[in-house]
Amino acid sequence: MEQIIKKIQNSKRISKEEALKLYDLNLLELGSLADSIRKQKYGKKSFFNINRHINPTNICKDTCKFCAYSATRKNPNPYALTTQEIVDIAKDAVKKGAKELHIVSAHNPEVGLNWYIDSFAQIKKELPNVHIKALTAAEIHFLSTQYNLSYDEVLDKMIENGVDSMPGGGAEIFDEEIRDRICKGKVSSKDWLLIHQKWHERGRQSNATMLFGHIENRAHRIDHMNRLRELQDKTNGFNAFIPLVYQRENNYLKVEKFLTANEILKTYAIARIFLDNIPHIKAYWATSTINLALIAQEFGCDDLDGTIQKESIQSAAGANSANGMELEEFISLIKNSGFIPVERDSLYNELKVYN
Ligand code: SF4
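For the structure given in this document, a descriptive report is provided here. Just so we're clear, the structure is a prediction, and the values are computed from it rather than from any experiment. (Residues numbered from 1 in each chain as written. Predicted model: local features only at pLDDT ≥ 70, side-chain atom pairs only at ≥ 80, totals over all residues. Heavy atoms only, no water.)

## Some details on the overall build of the protein
In step 1: Within the protein one finds 15 helices and ten strands.
In step 2: Expected size for 355 residues packed as a compact globule is a radius of gyration near 20 Å; at 19 Å, the protein falls within 12% of this value.
In step 3: For the protein, the proportion of its 355 residues judged to be buried stands at 60%.
In step 4: For the protein, the proportion of contacts with a sequence separation of at least 24, taken over those separated by at least 6, is 73%. (Helix = DSSP H or I, 4+ residues; strand = E, 2+ residues; numbered from the N terminus. Rg over C-alpha atoms; globule rule 2.2 N^0.38 Å. Buried < 20%, exposed > 50% of the residue type's maximum accessible area, 1.4 Å probe, protein only. Contact = heavy atoms within 4.5 Å.)

Structure below.
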């Protein structure tokens, strides 16, 4: 262990095996290693943005076992917003200060390709300055298979219609065996990475998530991060890594043991150490709870996502995020935890420092 610690202190890259071993270190020691990397990069700054999540439909042809959002499962209220409704939500969000719209949907085979794409063009026409972060690699794969288009064709359509960056969703866990058990039929790990690679090759940026705390083990998490680190070495297009804590309500996945805060914080810290080429590690408070996200700032995380305004996917599975958070409250929570809130744009340019 001493050798691994020395390597980290000397800013040397650690291997997968060494990353796995780090779980054996006590939490505070591990946290302090991750914290010193965070401090070197950002000092006491903690980033967030003023954003709005829009989830235009919950009708889905897929049946991921962990999903509580899709209408075909335990949730009996199917919906698909019209393009005008989506644009109206976007306008209202921007009026309330949102600079980013995070638009992700289920895989609805009934609404047609244009429904997915038209709202982006319409939003950009009416709100040219807002940043559109939309369509996960899972949605892109769905559109490609449903409408017989190549990934390149879907990605080019996104750009033509005003999508600025891609969210990191749909990655779940890359290990093929676990993936088959939790979301068989969804985009494969190989294709998830290929889609992001193609997006990065177009000079665009994206994020990457990892759903953890269900039936995966520690080695699966490290393998997941390793596949991301390998792609990032090639493309340098990921802005942030976002470990999403599995939410347990209203779904069909049988999980016996839930994660402790200790295990969640260790995973954040190892992500900060192992992913030496991904700039930001995000504690997405909608899945970790705001309290743990605030503590995660001392365990390598430098980003707390944003105010969200409204959120339907994690809250359907039990997260306390349905109505987002007021900006003043968000800022004061970060300040009171001893960090400096920095409002950023979607590509991490600093917009305002709240000293
Ligand atoms: S996670 Fe996404 S793709 Fe899977 S069932 Fe739910 S909405 Fe559909």
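Picking up after the structure, the text goes on.
## Considering the side chain of Glu172
In step 1: Turning to its location among the elements, Glu172 is positioned in the loop between α7 (151–160) and α8 (176–183).
In step 2: Given a relative accessible area of 7%, Glu172 falls into the buried group.
In step 3: Only 2.6 Å separates the side chain of Glu172 from the side chain of Lys186, close enough to count as a polar contact.
In step 4: Leave out the neighbours within four places in its chain, and Glu172 touches Phe66, Arg179, Ile182, Cys183, Lys186, Thr209, Met210, Leu211 and His224. (Polar contact = N/O pair within 3.5 Å; in protein donor to acceptor, adjacent residues only side chain to side chain.)

## Observations regarding the sheet that holds strand β2 (residues 51–54)
In step 1: The strand order across the open sheet formed by three strands is β2-β3-β4, and the pairing between neighbours is parallel. Looking at strand neighbours, the two that pair on one side only are β2 and β4 (131–134), the edges of this open sheet. Neighbour to neighbour, the strand axes of the sheet diverge by 20° on average, direction disregarded.
In step 2: Of the strand pairs in this sheet, β2 and strand β3 (residues 100–103) are connected by four bridges, and their pairing is parallel. Looking at the pairing, Asn51 lines up with Glu100 of β3.
In step 3: Contacting β2 and β3, helix α4 (residues 83–95) runs over the sheet at an angle of about 165° to β2. (Pairing = 2+ DSSP bridges. Axes fitted to C-alpha atoms, helices over the stretch in contact; angles between N-to-C directions.)

## Looking at the environment of Glu100
In step 1: Its place among the elements puts Glu100 in strand β3.
In step 2: Taking the C-alpha atoms as reference points, Glu100 and Lys45, 55 residues apart in sequence, are found 20 Å from one another.
In step 3: Once residues within four sequence positions are removed from consideration, Glu100 is found in contact with Asn49, Ile50, Asn51, Arg52, Val130, His131, Lys133 and Ser346.
In step 4: A polar atom in the side chain of Glu100 sits 3.3 Å from the side chain of Lys133.
In step 5: In terms of polar contacts, Glu100 uses its side chain to reach the side chain of Ser346, at 2.7 Å.

## With respect to the packing of helix α1 (residues 2–9) against helix α3 (residues 27–42)
In step 1: Following both chains from N to C, one finds α1 and α3 inclined at 20°, their axes separated by 10 Å at the closest point. The angle between the axes of α1 and α3 places the two elements in the roughly parallel class. In this structure, α1 meets α3 at a crossing whose hand is left-handed. On the side of α1, the interface is formed by Ile5, Ile8 and Gln9, while α3 contributes Glu29, Leu33 and Ile37.
In step 2: Here the contact of α1 with α3 is built from residues that sort into four nonpolar, one polar and one charged. (Parallel < 35°, antiparallel > 145°, perpendicular 65-115°, else oblique. Left-handed = near helix turned anticlockwise from the far one by under 90°. Nonpolar A, V, L, I, M, F, W, Y, C, P; charged D, E, K, R; others polar.)

## Focus: the sheet that holds strand β10 (residues 350–353)
In step 1: A sheet is described by the order of its strands in space; here four strands give the open sequence β8-β1-β9-β10, paired in mixed fashion. On the outer flanks of this sheet lie β8 (303–306) and β10, each paired with one strand and no other. Taking the axes of each pair of neighbouring strands and ignoring which way they run, one obtains an average angle of 30° across the sheet.
In step 2: As defined by bridge partners, strand β1 (residues 45–49) adjoins β8 across two bridges and the pair is classed as parallel. Looking at the pairing, Phe47 lines up with Asp303 of β8.
In step 3: Against the sheet, helix α15 (residues 327–336) makes contact with β1, β8 and β9 (340–344), and its axis sits at roughly 165° relative to β1, the strand it touches most.

## Concerning the nonpolar core
In step 1: Core analysis: the biggest nonpolar cluster contains 114 residues, and Ile123, Trp192 and Phe241 have the highest contact counts within it.
In step 2: A total of eight residues in this core trace back to one element, the largest contributor, which is helix α11 (residues 261–274).
In step 3: Filtering out sequence-adjacent residues up to four positions away, Phe241 remains in contact with Ala208, Thr209, Met210, His224, Met225, Leu228, Ala271, Leu275, Ile278, His280, Ile281 and Lys282. (Core = buried A, V, L, I, M, F, W, Y, C linked by side-chain atoms within 4.5 Å.)

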